[in-house]
Amino acid sequence: MDSRVIDEARAGGARRASEVSSPRRVNTLLRHLVIAVVVGVVVVCATYQISPFRNYQLATVAAYLCVLPGLIVLTGFNGQISLGHGALMAAGAYPVALSQNLLGGDAWWHLPVSILAGVVVAVLVGAVIGVAAARLHGPYLAGATLAVAVSVPAVATTFDGVFGGDAGLSFALAPAPSSLGAYFPFERWQAWVALLGAGIVMLLLANLVRSRYGRTFRAVRDDEVAAALAGIHVGRARVLAFVVSAAGAGLGGAMFAVLAQSVSPGAYGLTLSLNLVLAVVLGGLGGLRGAVWGAVALVALQPVADAATGWLDLGAAASQRLEGTLPLAVFGLALIVVMTTAPGGLDALVTRILRR
Amino acid sequence: MLRSLWRGVAVAAALAVVAACSEDSPGGSGAAVPGVTDTTIVVGTHQPLTGRAAAGYSKISAATKAYFEYVNSKGGVHGRKIEYKVVDDAYDPAKTQQVVRQLVLQDKVFAILNGLGTPTHSGVLDFLKTNKVPDLFVSSGSALFNQPSKYPDTFGFNVDYVTEAKVLANYVKKTFPGRKVCFFGQNDDFGADALRGVETVLGPVAVSQKYVPTNPNVAPQVGALKAAGCQVNVLATITPFTALTIGTAAKLGYRAQWVGSSVGGDFTGLSALLGKPAGVLLEGYVTSGYLPSPLDDANPWTKLFKDVNAKFNGNATFEVNTLFGMAVGYTFVQALQAAGEDLTRESLISAVEKGGFAGPSLVPMRYGKDDHSGFSGTQISVIRGGKQAFVDTPYVTDTGNGPVEPHPADASVPPADGIPTA
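Residues numbered from 1 in each chain as written. Chains lettered and ligands numbered in written order. Predicted model: local features only at pLDDT ≥ 70, side-chain atom pairs only at ≥ 80, totals over all residues. Heavy atoms only, no water.

### Re helix α14 (residues 345-354) of chain B
All names here are of chain B. A large share of α14 lies buried, amounting to 7 of its 10 residues. All of the buried residues in α14 are Arg345, Ser347, Leu348, Ile349, Ala351, Val352 and Glu353. Looking at the packing, one finds that the buried side of α14 touches β3 (111-113), β4 (135-138), β5 (154-156) and α13 (320-339). Backbone geometry just downstream of α14 places glycine 355 in the positive-phi region, at approximately 70°. (Buried < 20%, exposed > 50% of the residue type's maximum accessible area, 1.4 Å probe, protein only. Helix = DSSP H or I, 4+ residues; strand = E, 2+ residues; numbered from the N terminus. Contact = heavy atoms within 4.5 Å.)

Here is the structure:
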């Protein structure tokens, strides 16, 4: 990874550390709760103003927002890289499908229980990988997590009796509660569920990074030897960071399953894992807000690229060729532009513009 | 604290702006039928334009679109021009979910036409049902898409896998009596349905092997077929795996009679995949089809579609998938004609259920109130001397225990202007 990004991330971390010790500080939890409620109210109001498809897109943004903050904590705050978070999402998604099919999925409590099952499984898988990863650094860690990203979807094809093979599993989902009205759009309900998940993740992680654990994570990232001399159990901190981000990934995967009402290995492949890393770099690793930009970028990418092909109007043959590859090219181009103009990601760029 | 609060509000406002800049698109308010105006009909589809299934299949939607443009150039259907929105799902069921929602909720299409793939399309059946979107001519032979009581608006297009396997098995029974017959298929309902069809006609096969499409190593399975001494192998494999299987057998020095489903039996595609030794390896390969051969210039349907391909599809390579795409377009226009001038989703569905479509196919289509599956049979074709040609006459059968019966070869010709009438 570009060293400038890490530097910027460190600067962000340092800035935040000074904020924490400033005398103006009120209760962190309270402050975050107020922000969460304000943002929550605004977004829920917004879901009433937009079409079902936009709600579905918003829900997708929210599902990414369950994963990306955890990845920022892991990469930006703890200095570990993971190319295997797509696989952890699969670990969170399959239990949702399996338990929804087992329970029937029609009572109101089936969904929370299924999602919880997904998070628990992802945490367990994450703990195993985290323990292995705690001993690895840099490229070795990237390699190990890459192996996870490649191998976990293959489990579904191998044990196709349980996991439905390449076709995956689809499952029933209870409609929105009838108290919301008979014509409440299902997509708005999905958006609410995903937004609630994203809100919880953001709130918990925002508190975590400002707590003693957050400082421990950053200390380990900056200098392991110094951290160990200061009495920090380096291995434990690294495993904890991995488990926390795995929980987020599991929740995100569960949300993806809820959005699609199906899971399949193709949806959680290597491309997803790589897209997640690209998104947090694009959004900014210095703070959790980078996750918002990253999530929006992941969802906006396809429509923007489609629009671009529309403007270019290259003729049938050329646009057929570009159809699938152009979004990736746009993503790559955006990444290069952001890295060169704002190494701290979109978040740093926006902050800089707002300060002016 | 104040600054943090302001930042939070700024982020929220940004999100709200992103969200609010896209209010419900207008147009839906006046018109009662989504996607239909006095001058246009908007139809959508999901196709694998990229990804592992793109080779070959990406040609289908382009051909359908070309046929629609041909119809539009002649004034459209009942004065309405057909607008065909093709979106790429890369054969990824998760992406299909997203793009079909885009087509239905945002683009407000009138119907989904020829959505391709069993794993991809099966995921959107419930969504389309809830939104009451006609789901015509699914590009798959799976029995999933023939459930009129559960999915009243969904119709399959391809010959179903059981029917085709029965016709293939019937040919094996007549042509290779007494030989040891084995089976090699995909580990989903494509393979399972085909095996069921084969065993209905021939009784239990000697050996049955399976593969998963994500693992491109079939040496163990082909080795098992060889070890068991199989003389005739019926394949339910997609085109890349047909090529892989035949190639692997050649490497293992294993000679057998290969009999493949039309799904993986496209001669042009197989030749391209196998490269130079294709001529030798594919000699004697048996497959079947329900549409005229793209190489048969004497067939008036092939000639018509070739002309359309030249004028409206940039003269792309004319192959099985191109002809398939044209046939989809032709059948859809026929359904629109039958639905009449007062086009609604209900009138379209009842027009298809009335059936009686006459088109480029070699066998009749089955559409009726209780049957939403496509073609009723196939005709065997054999590759000899680097050429694929039909033999005998078409055969039709059912998906149960019914007999496999010959269907007199149909000499239907397309209408003079190439556009079906009601």
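### Re unusual backbone geometry
Residue and element names in this part refer to chain B. We note that lysine 108 has phi near 50°; this positive angle belongs to a residue other than glycine. Among the secondary structure elements, lysine 108 is positioned in the loop between α3 (93-106) and β3. Within the chain, phenylalanine 137 stands out as a residue other than glycine whose phi angle is a positive 55°. Along the chain, phenylalanine 137 falls in strand β4.

### As for the pairing of strand β10 (residues 286-289) of chain B
Residue and element names in this part refer to chain B. Where burial is concerned, the two faces of β10 agree: the one with Val286 and Ser288 and the one with Thr287 and Gly289 are both buried. The pairing of β10 with strand β11 (residues 377-384) spans 4 bridges and is classified as antiparallel. When the bridges of β11 are listed, threonine 287 appears paired with serine 381. (Pairing = 2+ DSSP bridges.)

### Brief notes about the confidence of the model for chain A
Residue and element names in this part refer to chain A. Summary statistics for chain A give a mean pLDDT of 85 and a share of 88% for residues scoring 70 or more. Every residue in residues 1-9 is under pLDDT 50, and counting partners more than four places away or in other chains gives 17 contacts. Counting interchain partners and residues more than four positions distant, the pLDDT-below-50 stretch residues 11-23 has 11 contacts. (pLDDT = per-residue confidence, 0-100.)

### A few points about the pairing of strand β8 (residues 232-236) of chain B
Residue and element names in this part refer to chain B. Of all the 5 residues making up β8, 5 are buried; the element is thus mostly covered by neighbouring parts of the structure. Burial along β8 is two-sided: the face carrying Val232, Val234 and Ala236 and the face carrying Asn233 and Leu235 are both buried. Across 5 bridges, strand β6 (residues 181-186) lies against β8 in parallel orientation. Note on β8: the bridge partner recorded for phenylalanine 183 is valine 234. The pairing of β8 with strand β9 (residues 257-260) spans 4 bridges and is classified as parallel. Within β9, the position partnered with asparagine 233 by the bridge is tryptophan 258.

### Structural notes on the side chain of glutamine 57 of chain A
Residues and elements named next belong to chain A. Considering the arrangement of structural elements, one finds glutamine 57 in helix α3 (residues 52-77). Looking at glutamine 57, the relative accessible area reads 13%, which means it is buried. Among all residues touching glutamine 57, those that are not within four sequence positions of it are Val299 and Pro303.

### Re the sheet that holds β3 of chain B
Residue and element names in this part refer to chain B. Within the open sheet, the 5 strands sit side by side as β2-β1-β3-β4-β5. Their pairing is parallel. Looking at strand neighbours, the two that pair on one side only are β2 (81-88) and β5, the edges of this open sheet. Taking each pair of neighbouring strands and ignoring which way they run, the sheet shows an average axis angle of 20°. Strands β3, β4 and β5 of the sheet are contacted by α14, whose axis makes an angle of about 40° with β4. (Axes fitted to C-alpha atoms, helices over the stretch in contact; angles between N-to-C directions.)

### Structural notes on the pattern of salt bridges
Any two side chains of opposite charge can pair if their charged atoms end up close together. Counted by the stated rule, this structure contains 12 salt bridges over all chains. Here arginine 238 of chain A makes a salt bridge to glutamate 224 of chain A, at a shortest N to O gap of 2.9 Å. Residue arginine 238 of chain A is located in helix α11 (residues 234-260), and its partner glutamate 224 of chain A is located in helix α10 (residues 224-229); the two are separated by 14 residues in the primary sequence. By relative accessible area, arginine 238 of chain A is classed as buried at 5%. Relative accessible area serves as the criterion here: at 27%, glutamate 224 of chain A is assigned to the partly exposed category. Taking the shortest distance from any N to any O, the salt bridge between lysine 166 of chain B and aspartate 398 of chain B comes out at 2.9 Å. Remark: aspartate 398 of chain B occurs in the loop between β13 (395-396) and β14 (405-406) and lysine 166 of chain B occurs in helix α6 (residues 161-175); sequence separation between them is 232 residues. Of the residues examined, lysine 166 of chain B reaches a relative accessible area of 0% and is grouped as buried. Judged by its relative accessible area of 35%, aspartate 398 of chain B falls in the partly exposed class. (Salt bridge = Lys/Arg side-chain N within 4 Å of Asp/Glu carboxyl O.)

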